[in-house]
Amino acid sequence: MIQYILRRLLLIIPVLLGVLFLTFVLMYLVPGDPVLTMLGQHADDDIIQRMRTELHLDDPWYQQFFSYLNRTIRGDLGRSYISHVDVTTALKQKIPNTFKLALAAIIVSTIMGIAIGIISAVYKNSWLDHLAMTVALLFISTPVFWFGMLLIYLFSMTLGWTPVSGMGEGSFNLKHLILPALTLGSRFAAFLARYTRSVMLEVISEDYIRTARAKGVKESLVILKHGLRNALIPIVTVVGMNFASLLNGSVLTETIFAWPGFGRYLVTAIKKRDFQVIAGCVWIGALIFVFVNLIVDIIYVMLDPRISYD
Amino acid sequence: MLDFLKKDKIDSNKSSYGMWYDTWRRLRRNRAAVVGLIMVTIFLLVAIFAPLLAPYDPAEINLAAILQPPSSQYWLGTDYYGRDLLSRIIYGSRISISVGVIVQLVSISIGTLMGSLAGYYGGKVDMIIMRLVDIVMSFPSLLLTIAIMVALGPGLYNVFLALGAVWWTKTARIMRSEFIRHRKKEYVEAARALGNNDFVIMYKHILPNCLAPLIITFTMGVASAIMAEASLSFLGLGAQEPTPSWGSIINNGLQYLRTKPWYSLFPGLAIAYTVLGFNLFGDGLRDALDPKMKNN
């Protein structure tokens, strides 16, 4: 097992180097001069030149890449061109907020998704099943940002139950958290409902379920203890794999709800063309994505002894 | 003797369109897929006949009718330039379908080329291509698309490139496994024995046998591309003014959400309708093309 984890970690190194290289190339290709972004169009030529030398912008591209690599590995993501705030420090503040939102979203969507999926599977082909699956597909087809706006309009602006935006005071403010979490989790809940239904249908057609029923076990026990327990491994994997993907949705959700996290930080940087921040966000986003997926893979192997790690 | 030949010919004809006929038969029996097909057809008709259907020019600015609510004159209201929202949404369907189709053509072409090379040749070629796939897939897809859009600059053509450059990996993985499955088959050996070169074997003999997964990827991908373009335009990175992209109309409406909720409501409904249509149809098509995949 430890060998498996070590090998996976070693395999990640070339991939992460590739990710860094790609991020560097993209930011290198960006049109316009970063120094002009920092100093403005009317800056003095001498100062511009001094700044260019300081930032090594006149070096050949490969030297720039190696110095970028060197800095990034040491955790230095540079300074914002506009606010001059250290990107690493800013991200350290923002990422826990995104993590909080993602965790709330995954909890809400997992509970809803699994519950709806089980009900659909148990009442297969009934009107309830058809309704649940149609609604699920409708949610999968709805843009996250638009759904968030509908929720804001209904619950914040019309009914006045929740605040329109922000994170509120304190570390945990349910009123502020509920709408963004529902928005971010909506598509995943729908996807999970469909997935749980298909896994449960497979499981409840197995022989051991028939045996349990033949023994006279109560139906609710058959479904929850015998059925769900065996369906849980693939479901847990899908939940884990999607936790990292919530970073995608967080960019849109945080924009709508002015949630002070990673996604909003990135979108604000895009609007201001603050490339140092964009590069830092893209790199950290990929890093989180890779490591969360690795952890999920390892948990998966630990949970299911049938999967070999050779 | 002639009768015998004739009969043989008819039979071989029948089997040559058998797969498509069977697919159509299975598709027709799936009520959800038929609903999806009807929805997609209506969407395509709206896109094709946009100039006939739209009551106004979608770019016509009318400062006397700014932010009008839905009325008999402007069925879905007007935007902050006084442009008719119904006309903009109708023309927006053209943007959506072009994004859906072109992004899929770009990503499927790159993916098929890369996947077929990796699967057919194996070894070092496979290793290099699959590491590239790993790198691209190490990014959350929207984040990488955003990074590419920032590098290329906003605009619809760059959306085609950026989404194509991010999404080819999925097709590459599918085609790689298809080519690995097929490359040792007898018909491929036979084609090689007849002296065909690799190019002919790959794209004339193997590729036509991998069409089903490609068609499924294409149909489902159109829905995802429409959604992704809407998201990029919502962030201000996609189509620029005055192009009537659904995502950017929603974005413009965001600041009027409290007082003019209909502004963003209708373009959102248009996206949901279109994506739902493609998803229903794609689901049904997948089940019909490959009944073994059903429910997975």
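Here the residue numbers are simple positions, counted from 1 along each chain's written sequence. Chain letters start at A and ligand numbers start at 1, both assigned in the order the entries are written. The model is predicted, so local features are restricted to residues of pLDDT at least 70 and side-chain atom pairs to those at 80 or more, both for listing and for counting; the totals for chains, interfaces and linings are taken over all residues. Calculation of side-chain values draws on the structure's entire complement of heavy atoms; hydrogens and water are dropped beforehand.

Per an unreviewed UniProt entry, chain B goes by the name Oligopeptide transport system permease protein and belongs to Halanaerobium salsuginis. UniProt positions are given in the numbering used here, feature names are shortened, and annotations may be inferred rather than shown by experiment. Here chain B is described in UniProt, under the heading Sequence similarities (unreviewed entry), as follows: "Belongs to the binding-protein-dependent transport system permease family." Taken from UniProt, the Subcellular location (unreviewed entry) comment for chain B reads in full: "Cell membrane".

With an unreviewed UniProt entry as reference, chain A is termed Peptide/nickel transport system permease protein, source organism Halanaerobium salsuginis. The UniProt entry for chain A carries this comment under Sequence similarities (unreviewed entry): "Belongs to the binding-protein-dependent transport system permease family."

### Describing the nonpolar core
Among buried residues, those of type Ala, Val, Leu, Ile, Met, Phe, Trp, Tyr and Cys that are joined through side-chain atoms within 4.5 Å constitute a nonpolar core. Remark: exposure states derive from per-residue accessible area (1.4 Å probe, protein chains only) relative to the maximum for the residue type, with buried under 20%, exposed over 50%, and partly exposed in between. One finds Ile278(A) and Ile146(B) to be the most contacted residues of the largest nonpolar core, which totals 125 residues. Helix and strand labels come from DSSP, where a helix needs a run of H or I of at least four residues and a strand needs a run of E of at least two; each type is numbered from the N terminus. For this core, the element with the most residues is helix H12 (residues 275-303) of chain A, which contributes 13 residues. Both of domain 1 (2-72) and domain 2 (96-271) of chain A provide at least three residues apiece to this core. The criterion used for residue contact is that any of the two residues' heavy atoms lie within 4.5 Å. Discounting chain neighbours no more than four positions away, the residues touching Ile146(B) are Val251(A), Leu266(A), Ile270(A), Leu232(B), Leu235(B) and Leu237(B). How far each domain reaches was decided by an automatic or database domain assignment.

### A look at the domain arrangement of chain A
For chain A, the domain assignment lists domain 1 (2-72) and domain 2 (96-271). The C-alpha centroid of domain 2 of chain A is placed 38 Å from the C-alpha centroid of domain 1 of chain A.

### Topic: the pattern of salt bridges
A side-chain nitrogen of Lys or Arg and a carboxyl oxygen of Asp or Glu constitute a salt bridge if their distance falls within 4 Å. Evaluation of the coordinates by the stated rule reveals 16 salt bridges over all chains. Linking Arg88(B) and Asp79(B) is a salt bridge whose minimum nitrogen-to-oxygen distance equals 3.7 Å. Neither residue differs from the other here; Arg88(B) and Asp79(B) are each classed as buried. The partner of Arg286(B) in a salt bridge is Asp283(B), and the shortest N-O contact between them spans 3.4 Å. A residue pair is termed a helical-turn pair when its members lie 3 or 4 positions apart in one helix, as Arg286(B) and Asp283(B) do in helix H13 (residues 262-289) at three residues. Both residues of the pair, Arg286(B) and Asp283(B), count as buried. Taken together, the shared-partner salt bridges in this structure form one network comprising Arg194(A), Asp283(B), Arg286(B) and Asp287(B).

### Some thoughts on the UniProt feature "domain: ABC transmembrane type-1" (unreviewed entry) in chain B
If you check UniProt for "domain: ABC transmembrane type-1" (unreviewed entry), the listed places come out as residues 93-282 of chain B in our numbering. Summarising residues 93-282 of chain B: 82% helix, 0% strand, and an end-to-end C-alpha distance of 19 Å.

### Observations concerning the interface of chain A and chain B
Taken together, the contact pairs 49 residues of chain A with 39 residues of chain B. Accessible area that two parts lose when put together, evaluated with a 1.4 Å probe and summed over both, is termed the buried area. Counting the surface lost from both chain A and chain B, the interface buries some 3800 Å², and carbon and sulfur atoms represent 78% of this. Considering only the surface of chain A that becomes buried against chain B, Phe145(A), Trp146(A) and Met149(A) emerge as the three largest contributors, covering 16% of it. In this assembly, chain A and chain B are joined by one salt bridge.

### A word on the side chain of Thr23(B)
All names here are of chain B. Along the polypeptide, Thr23 turns up in helix H2 (residues 18-29). We classify Thr23 as buried; its relative accessible area is 4%. The contact partners of Thr23, leaving out residues within four places of it in the chain, are Leu285, Ala288 and Leu289.

### So, the packing of helix H10 (residues 219-257) of chain A against helix H7 (residues 141-152) of chain B
Geometry of a packed helix pair, given as the angle between the helix axes and the separation of the axes. Comment: axis = line fitted to C-alpha atoms, over the contacting stretch for helices; angle = value between 0 and 180 degrees taken between N-to-C directions. Across the interface, H10(A) lies against H7(B) with an axial gap of 6 Å and an inter-helix angle of 65°. Each of Asn248(A), Val251(A) and Leu252(A) in H10(A) lies in contact with H7(B), whose residues at this interface are Ser141(B), Leu142(B), Leu143(B) and Ile146(B). A breakdown of the residues in the contact of H10(A) with H7(B) according to their chemical character gives five nonpolar, two polar and no charged. Residue polarity is assigned by list, with Asp, Glu, Lys and Arg as charged and Ala, Val, Leu, Ile, Met, Phe, Trp, Tyr, Cys and Pro as nonpolar; anything else, Gly included, falls into the polar class.

### Observations regarding the packing of aromatic side chains
The description of two aromatic rings rests on the distance between their centres and on the angle between their planes. Stacked, edge-to-face and tilted are the three classes for Phe, Tyr and Trp ring pairs, Trp counted by its six-membered ring, which pair at centre distances within 6.5 Å; planes under 30 degrees apart are stacked, over 60 edge-to-face, the rest tilted. One pass over the full model with this rule turns up 23 aromatic pairs over all chains. Measuring from centroid to centroid gives 6.3 Å for Phe191(A) and Tyr195(A), while their planes differ by 20°, and the two rings are stacked. Residue Phe191(A) and its partner Tyr195(A) are both found in helix H8 (residues 174-203); the two are separated by four residues, about one turn of the helix. On the accessibility criterion, Phe191(A) (35% relative accessible area) is partly exposed. Note on Tyr80(B) and Tyr81(B): the rings are 4.7 Å apart at their centroids and 50° apart in plane angle, and the pair reads as tilted. With relative accessibility at 33%, the residue Tyr81(B) sits in the partly exposed group. Three or more aromatic residues joined by ring pairs make a cluster, and in this case those are Phe21(A), Phe24(A), Tyr28(A), Trp61(A), Tyr62(A), Phe65(A), Phe66(A) and Tyr68(A).

### Details of the UniProt feature "transmembrane region" (unreviewed entry) in chain B
All names here are of chain B. UniProt's feature table lists "transmembrane region" (unreviewed entry) at residues 32-54, 156-175, 206-228 and 262-282, given in the numbering used throughout. Taken end to end, residues 32-54 is 91% helix and 0% strand, and its first and last C-alpha atoms sit 29 Å apart. Secondary structure across residues 156-175 divides into 100% helix and 0% strand, with the first and last C-alpha atoms of the span separated by 28 Å.

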